[in-house]
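A look at the structure
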Amino acid sequence: MEYINVFITGGAICLIGQILLDTTKLTAPRILVIFVVSGAVLQVLGWYEPLVEFGKSGATVPLPGFGYSLAKGAMEEVSKKGLLGILTGGLTATAAGIGAAIGFGYIVALIFSPKSIR
Amino acid sequence: MSNDKKLPDIGTEQDPKVKKQKAKAYEEYAKQFTPKPKYAANGLKAFVVGGLICCGAFAVQNWLMDFMKLEEKEAGTWVTVLLVCLAQLLTGLGWFDSLAKFAGAGCIVPITGFANAMVSPAIEYKAEGPVLGVGAKLFSVAGPVLVCGITASVIAGIIQVFR
Amino acid sequence: MNNQRGKHSIVFSNRPNIVGAAAVGGVKESQGPQKKWFDFTLEDDIFGEKTWEKAEGKMVKKAIDLALSNGRVSEKQVDILLGGDLINQLMIANYAARDLQMPFLGLYGACSTMTESLIAGSVFIDGGYASCAVCAASSHYCTAERQFRMPLEHGNQRPPSAQWTATAAGSMVLSKDRAPGRNICVTAATIGRVLDPGIKDVNEMGAAMAPAAADTLLTHFRDLGRSPEDYDVILSGDLGHVGKKILMDLMAKQGVPMAENYNDCGALMYDDSQDVHSGGSGCGCSASIFAGRIIKEMRQGKIRRALIMSTGALLSTISSGQGETIPGIAHAVVLEAEGGE
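So, here is what we can say about the structure in this document. Since the model is a prediction, treat every value here as computed from it, not as a measurement.

If you tally the helices and strands in chain B, you get eight helices and zero strands. Secondary structure elements of chain B, listed N to C terminal, follow the sequence α-α-α-α-α-α-α-α. Taken over C-alpha atoms, the radius of gyration comes to 24 Å for chain B, far larger than the 15 Å a tight globule of 163 residues would show. For chain B, the spread of C-alpha atoms along the three principal axes comes to 85 × 45 × 40 Å. Counting across all 163 residues of chain B, residues that qualify as buried make up 48%.

Pasting the structure below:
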């Protein structure tokens, strides 16, 4: 049952992305930005948390989930540690993902070469 | 003989206001010759692939929680790390663009799309060296995502202060 | 003697001759319907080089070498080299010219570079400023795509109007002396003007270029008092399937319907199964089809008079980043085959 919720939530978020890709002139990077920022905005409004409870990974794996983690981290850190949390919270919560993306990404880029089309 | 045929009056307009109107009219005109994307098929593929990626992530997370005895939050972080590394590896192997061509937003919108957006320009500009080539281009597409995301989190933190 | 016809067109009284021509095609291109017309095809798009740019440079040099050898002209006889490509500051053409050590003028007309260089070369020969000129143009999917759009490995879906930058190069050798046997010469040309229909999307280049192409065709027919039936073949550069339809509609609306003898290099370069959406683009697309297929068909006697017109979308990475519209341009050249049956 949980898997169905995950599937539907994740699929629906991706479907929104696909509709944006097909019907607007937005390019992929812009869509990524829109999704991350909207995840953060929804979290501030308190609307993303219920979605995460319902859809689990279906809500956290897509990019709005990244925005959600960033915003949630900042908000929690502010409540716990005060003003400095504004700056440290978001990055602390997502440090592992960003660290992996940069570190592993750099290594991958050094190892592989660009390929022509097949 | 076509000596006295008029030339089409497209694109010669200088007045910016009229130019804009004409551009819009021409865009509409050009649209009728452009095939439409296959909305239904693209949407279905995005939905299914996106859903499957999330389910896979959920399965791994459950496994980490059940067998490795990790907490939910820690397991979730590991899943993110694994997805990022997997997408970057697929990008390096040159398979990710084929997947994205099929699934579209189905693999662009999950965190895999973000990982791909980092590595792809870095590989591409490798010839420009490890610092300004790979190092700088790692952020050419994904940089804006991080900048906007982190800025949003800072704003969220500020809002939290006043709550 | 006045060689001008109207404001845009010129006729060549001394008729520069195309003595040599060669086309080089990339991997995907040589899997398409144009395969048999290429003089040389790449087995790998990197062409044994370290970077895509070097590979493209080697490709254009290969096209020039082949054109010189099949025109039986030595490098020393060449008085001027004219050419260009799509990469910033004409990187490819400049480096090819560095290797060739010929008097060189680099030209940029986006994808219209082949006919642009052909017109310039013909003027040099006709005016007696050169006895032998080499014209060349090239494009490479892997160099152009990342400059104008996205990195190769970046996951994305191409919209149906998107075109595929052809990995190809074409070169023609012009001479004041006739070639033995069946001779092909440049008899007239029409220099286009820049028209901007207001398209902003880099994936709609066919629509951006179609008005300029229609304008050049209409101007050409008016200036020379000709009609489409006067040509065995009329071939536009890289409007693609979408742009071709728009051009045909625009021409029909002006009362000059295009018939069976009209086609577009972008639409010809690939077949539908190759999944290139609207067709080919890039300087190399029209350059390789003109220098490969058209010249060969003229030598074989299948075509007597051809109107070839490369079309260019004059965008830069800066202009598209700033949300500017994409202006288009098109230059037409008349080729005629004579004698030697």
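Moving on, there is more to tell.
As a further point, take the pairing of strand β15 (residues 328–338) of chain C. All names here are of chain C. When you tally the buried positions in β15, you get 11 out of 11 residues, the bulk of the element. Both faces of β15 are covered, namely the face carrying Gly328, Ala330, Ala332, Val334, Glu336 and Glu338 and the face carrying Ile329, His331, Val333, Leu335 and Ala337. When strand β10 (residues 183–190) meets β15, the two strands line up antiparallel, connected through seven bridges. Following the sheet pairing, Thr190 is matched in β15 by Ala332. Sheet topology places strand β14 (residues 305–313) next to β15; nine bridges connect them, and they run antiparallel. Across the sheet, Met309 pairs through a bridge with Ala332, a residue of β15.

It is worth spelling out the pattern of salt bridges at this point. Under the defined criterion, the tally for this structure stands at 22 salt bridges over all chains. Among the ionic pairs, Lys56 of chain A bridges to Glu2 of chain A, the shortest N-O distance being 3.6 Å. Residue Lys56 of chain A is located in the loop between α3 (48–55) and α4 (57–60), and its partner Glu2 of chain A is located in helix α1 (residues 2–23); the two are separated by 54 residues in the primary sequence. Residues Glu49 of chain C and Lys58 of chain C are paired through a salt bridge, measuring 3.9 Å at the closest nitrogen-oxygen approach. Given a relative accessible area of 29%, Glu49 of chain C falls into the partly exposed group. Owing to a relative accessible area of 34%, Lys58 of chain C belongs among the partly exposed residues under this scheme. Residues joined in a network through salt bridges with shared partners are Lys25 of chain A together with Asp201 and Glu204 of chain C.

Below, the discussion takes up helix α4 (residues 96–103) of chain B. Along α4 of chain B, the residues that are buried comprise Phe96, Asp97, Ala100 and Ala103 of chain B. One side of α4 of chain B carries all its buried residues, which in axial view fall inside an arc of 140°. Buried residues belonging to α4 of chain B abut α1 of chain A together with α2 (39–67), α3 (72–93), α5 (105–108) and α6 (111–124) of chain B.

The subject of this paragraph is a nonpolar patch on the surface. Taken together, the side chains of Val41, Leu42, Leu45 and Trp47 of chain A define a hydrophobic patch exposed on the protein surface, amounting to about 390 Å² of accessible area. Structurally, Trp47 of chain A can be placed in the loop between α2 (28–45) and α3.

The next thing to look at is α2 of chain B. Helix length check: α2 of chain B (29 residues) gives 42 Å between terminal C-alpha atoms against 42 Å at 1.5 Å per residue, within 8%. At the C-terminal side of α2 of chain B, Lys69 of chain B shows a positive phi close to 55°.

What follows concerns the interface of chain B and chain A. Listed per partner, the contact involves 73 residues of chain B and 63 residues of chain A. Per-residue buried area on chain B facing chain A is highest for Phe47, Phe58 and Val109 of chain B; these three make up 13% of the total on that side. Our count for the chain B to chain A interface comes out at zero salt bridges. Across the contact surface, chain B and chain A share 13 residue pairs in polar contact (both at pLDDT 80 or more). Put simply, the parts of the chain that give the side of chain B that touches chain A at least two residues each are α2, α3, α4, α5, α6, α7 (130–137) and α8 (143–161) of chain B. Element by element, the count of residues in the side of chain B that touches chain A is highest for α2 of chain B, at 17 residues. Looking at the side of chain B that touches chain A residue by residue, the classes come out as 46 nonpolar, 20 polar and seven charged.

A few words on the packing of helix α5 (residues 205–224) of chain C against helix α6 (residues 240–253) of chain C. Residue and element names in this part refer to chain C. For the pair α5 and α6, the least separation of the axes is 8 Å and the interaxial angle reads 40°. Viewed along their axes, α5 and α6 adopt a mutual orientation that is oblique. As for how α5 packs across α6, the hand of that crossing is right-handed. On α6, the residues that touch Gly206, Ala207, Ala210, Pro211, Ala213, Ala214, Leu217, Leu218 and Phe221 of α5 are Gly243, Ile246, Leu247, Leu250 and Met251. Taken together, the residues of the contact of α5 with α6 break down into 12 nonpolar, two polar and no charged.

Counting residues at the interface gives 39 residues for chain C and 39 residues for chain B. Both faces considered, chain C and chain B share a buried interface measuring about 3,500 Å² in area, 59% of it formed by carbon and sulfur atoms. Contact with chain B buries area across many residues of chain C, yet Arg146, Glu153 and Gln157 of chain C alone supply 18% of it, more than any other trio. Taken together, chain C and chain B are joined by two salt bridges. Salt-bridge contacts for Arg146 of chain C lead to Glu124 of chain B; the nearest nitrogen and oxygen are separated by 3.1 Å. Across the chain C-chain B interface, the total number found is nine residue pairs in polar contact (both at pLDDT 80 or more). Contributing elements (two or more residues each) for the side of chain C that touches chain B: α4 (141–148), α5 and α6 of chain C. If you tally residues by element for the side of chain C that touches chain B, the top one is α5 of chain C, at eight residues. Residues belonging to the side of chain C that touches chain B are distributed by class as follows: 17 nonpolar, 11 polar and 11 charged.

Cut-offs used in this document
- Residues numbered from 1 in each chain as written.
- Chains lettered and ligands numbered in written order.
- Predicted model: local features only at pLDDT ≥ 70, side-chain atom pairs only at ≥ 80, totals over all residues.
- Heavy atoms only, no water.
- Helix = DSSP H or I, 4+ residues; strand = E, 2+ residues; numbered from the N terminus.
- Rg over C-alpha atoms; globule rule 2.2 N^0.38 Å.
- Buried < 20%, exposed > 50% of the residue type's maximum accessible area, 1.4 Å probe, protein only.
- Pairing = 2+ DSSP bridges.
- Salt bridge = Lys/Arg side-chain N within 4 Å of Asp/Glu carboxyl O.
- Arc of directions from axis to C-beta.
- Contact = heavy atoms within 4.5 Å.
- Patch = residues over 30% accessible without salt bridge, like charges linked within 9 Å, V, L, I, M, F, W, Y side chains within 5 Å.
- Areas by Shrake-Rupley, 256 points an atom, 1.4 Å probe, with all protein chains shown as cover.
- Expected span 1.5 Å × (residues − 1).
- Buried area = accessible area lost by both parts, 1.4 Å probe.
- Polar contact = N/O pair within 3.5 Å; in protein donor to acceptor, adjacent residues only side chain to side chain.
- Nonpolar A, V, L, I, M, F, W, Y, C, P; charged D, E, K, R; others polar.
- Axes fitted to C-alpha atoms, helices over the stretch in contact; angles between N-to-C directions.
- Parallel < 35°, antiparallel > 145°, perpendicular 65-115°, else oblique.
- Left-handed = near helix turned anticlockwise from the far one by under 90°.

Scope: geometric values only; no functional claims are made or implied.
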